Amino acid sequence: MSRSFQTGGIVLRNNRFGEIHKGVTLLSPDHGLFSAVAYGAYSAKGKLRSVTNPLCAGTFFLYRDPVKDAVKITDMDCRDFFEGVRSSIAKFFIASVWLEMVLKTFGGDAAETFALLRGSLRLLEACAEEAAPRLLVQFLWRYLGLAGCAPDTGACAGCGEARGENRGLVYRRGVSGFFCRGCAGAPGAGGLVPLSAGALNYLAYSRGLPLEKAAACAPDAASFAALKQALLFLAEDFAGGPLNSVRTGKGIL
Ligand SMILES: [Zn+2]
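All figures in this text were calculated on a predicted structure; none of them were measured in a lab.

### Some words on unusual backbone geometry
Here comes step 1: One non-glycine residue, Leu55, lies in positive phi territory at about 90°.
Here comes step 2: Relative to the assigned elements, Leu55 resides in the loop between strand E3 (32-38) and strand E4 (57-65).
Here comes step 3: On the basis of relative accessible area, Leu55 is assigned to the buried category, the value being 2%.
Here comes step 4: Within the chain, Asp69 stands out as a residue other than glycine whose phi angle is a positive 50°.

This is the structure in structure tokens:
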């Protein structure tokens, strides 16, 4: 990395320091997760004020100060502002879950994660509000898949017995994998989420589809509701604890 460089990126988080300076955490396809400083971005006239808020995506022009070992944002060409996501409470909470997941758990391939996040946000921006929960499910399922943490939909994680496409499996809070009834055991503190054959077939089938097509179909409403709950739990299992966005989005997500 030379002193001046540029990269694509999505802003995941801000933090204020001093009166007017903004710390910006970015996901870049080239450099993964990193922090940079937008000096003056909290002042009324700061040119980086709006384009360094969470969700903004585009090209960042950066300068690495070798003495301070800090990266400064000198300019930003914002290509996606995601106004449609910001103006819908339901979409905004979904996007917040995605950003928090990446912030807390990123450790994989930066280019793949960036492509999934930006592609999901662009579809979320454009979709009807009732389609948004399907994108939530698809993002989480694909993100877990990239991390190698997506449970097998075809067999019990306990006894290994093949599921067969007419049978469901059970998600158990805090335990990775889906289980047959016999292996799922009694509901623990977190409870069990039964997943129908339709929900599991949907996960298995949609894995091979482009995101847009996968999010255009879904199992029946009850199966989908259970699937969404199980994936939000799996996301928290993967993050190693509760997600603030899931807690605050309860009843909306
Ligand atoms: Zn079993």
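Here the narrative resumes.
### Re the coordination of the zinc ion
Here comes step 1: Distances from the zinc ion to its protein donors, Cys156 (SG), Cys159 (SG), Cys180 (SG) and Cys183 (SG), fall within 2.3 to 2.4 Å.
Here comes step 2: Between the donor residues of the zinc ion, the gaps in sequence give the motif C-x2-C-x20-C-x2-C. With a gap of 21 residues between them, Cys159 in the loop between helix H4 (132-146) and strand E6 (169-172) and Cys180 in the loop between strand E7 (178-179) and helix H5 (181-184) connect regions that are remote in the sequence.
Here comes step 3: With relative accessibility at 9%, the residue Cys180 sits in the buried group.

### Things to note about the pattern of salt bridges
Here comes step 1: Across all of its chains, the model carries seven salt bridges by this definition.
Here comes step 2: The shortest N-O distance in the salt bridge between Arg173 and Glu236 comes to 2.8 Å. Placement of Arg173 in the loop between E6 and E7 and of Glu236 in helix H8 (residues 221-239) is noted, with a sequence separation of 63 residues between them.
Here comes step 3: Judged by relative accessible area, Arg173 falls into the partly exposed class, the value being 30%.
Here comes step 4: A relative accessible area of 10% places Glu236 in the buried class.
Here comes step 5: Ionic pairing is found between Asp237 and Arg173, a salt bridge with its closest N-O pair at 3.9 Å. Placement of Asp237 in helix H8 and of Arg173 in the loop between E6 and E7 is noted, with a sequence separation of 64 residues between them.
Here comes step 6: One network of salt bridges, with partners in common, ties together Arg173, Glu236 and Asp237.

### Thoughts on the sheet that holds E7
Here comes step 1: One open sheet holds the three strands; their spatial order is E7-E6-E8, and the pairing between them is antiparallel. Edge positions in the sheet fall to E7 and strand E8 (192-195), since each has one partner strand and no second.
Here comes step 2: Where E6 lies against E7, two bridges are found, and the strand directions are antiparallel. Paired with Tyr171 across the bridge in E7 is Phe178.
Here comes step 3: Across the sheet, H8 lies against E6, E7 and E8, angled at about 130° from E8, the strand it touches most.

### Quick look at the nonpolar core
Here comes step 1: Counting 59 residues, the largest nonpolar core has Trp98, Leu117, Leu124, Leu140, Leu195 and Leu231 as its most contacted members.
Here comes step 2: Each of domain 1 (4-80) and domain 2 (88-248) contributes no fewer than three residues to this core.
Here comes step 3: Those residues in contact with Leu195 that sit more than four places away from it in its chain are Gly168, Leu169, Val170, Tyr171, Phe178, Leu200, Ala226, Leu227 and Ala230.

### Quick look at the packing of H4 against H8
Here comes step 1: Contact geometry for H4 and H8: axes closest at 10 Å, N-to-C directions at 40°. As far as their axial angle goes, H8 and H4 are oblique. Of the two elements, H4 crosses H8, and the hand of that crossing is left-handed. Here Pro133, Arg134, Leu136, Val137, Leu140, Trp141, Tyr143 and Leu144 of H4 come into contact with H8, specifically with Phe224, Leu227, Lys228, Leu231, Leu232, Leu234, Ala235 and Phe238.
Here comes step 2: Considering only residue class, the contact of H4 with H8 consists of 14 nonpolar, no polar and two charged.

### Notes on the packing of aromatic side chains
Here comes step 1: Across all of its chains, the model carries four aromatic pairs by this definition.
Here comes step 2: Ring plane angle 25° and centroid distance 4.9 Å describe the contact between Trp98 and Phe139, whose orientation is recorded as stacked. Pair noted here: Trp98 is in helix H2 (residues 89-105) and Phe139 is in helix H4, with a separation of 41 residues, a long-range link.
Here comes step 3: Classification of Trp98 as buried rests on a relative accessible area of 0%.
Here comes step 4: Residue Phe139 is classed as buried on the basis of its relative accessible area of 0%.

What counts and what doesn't
Per chain, residue numbering runs from 1 following the sequence as it is written. Restriction of local features to residues with pLDDT of at least 70 applies here, the model being predicted, together with a cutoff of 80 or more for giving and counting side-chain atom pairs; totals for whole chains, interfaces and linings are based on all residues. With hydrogens and water excluded, all non-hydrogen atoms of the structure serve as input to the side-chain values. Counting from the N terminus, the helices are DSSP H or I runs at least four residues long and the strands are E runs at least two residues long. Exposure classes here rest on a 1.4 Å probe applied to the protein chains alone. A residue is buried below 20% of its type maximum, exposed above 50%, and partly exposed in between. Donor atoms are limited to N, O and S found within 2.8 Å of the metal ion, a distance that becomes 3.2 Å for Na, K and Ca. With water left out, some sites might look partial. For salt bridges, the criterion is a side-chain nitrogen of Lys or Arg within 4 Å of an Asp or Glu carboxyl oxygen. Should DSSP find at least two bridges between two strands, the strands are taken to pair. When checking whether two residues touch, look at their non-hydrogen atoms; a contact exists if any pair is within 4.5 Å. To define axes, lines are fitted to C-alpha atoms, for helices over the stretch in contact only, and angles between the resulting N-to-C directions are given on a 0 to 180 degree scale. For our purposes a nonpolar core is just a set of buried Ala, Val, Leu, Ile, Met, Phe, Trp, Tyr and Cys residues, chained together by side-chain atoms within 4.5 Å. Where a domain begins and ends is set by an automatic assignment or by a domain database. Geometric relationships in this document are graded by angle, where less than 35 degrees denotes roughly parallel, more than 145 denotes roughly antiparallel, 65 to 115 denotes roughly perpendicular, and other angles denote oblique. What makes a crossing left-handed is the near helix being turned counterclockwise from the far one by less than a right angle; a clockwise turn instead makes it right-handed. The nonpolar class holds Ala, Val, Leu, Ile, Met, Phe, Trp, Tyr, Cys and Pro. Asp, Glu, Lys and Arg form the charged class, and all remaining residues, Gly among them, are polar. Classification of ring pairs uses Phe, Tyr and Trp, with its six-membered ring standing for Trp, and accepts pairs whose centres are within 6.5 Å; under 30 degrees between planes counts as stacked, over 60 as edge-to-face, and the remaining range as tilted.

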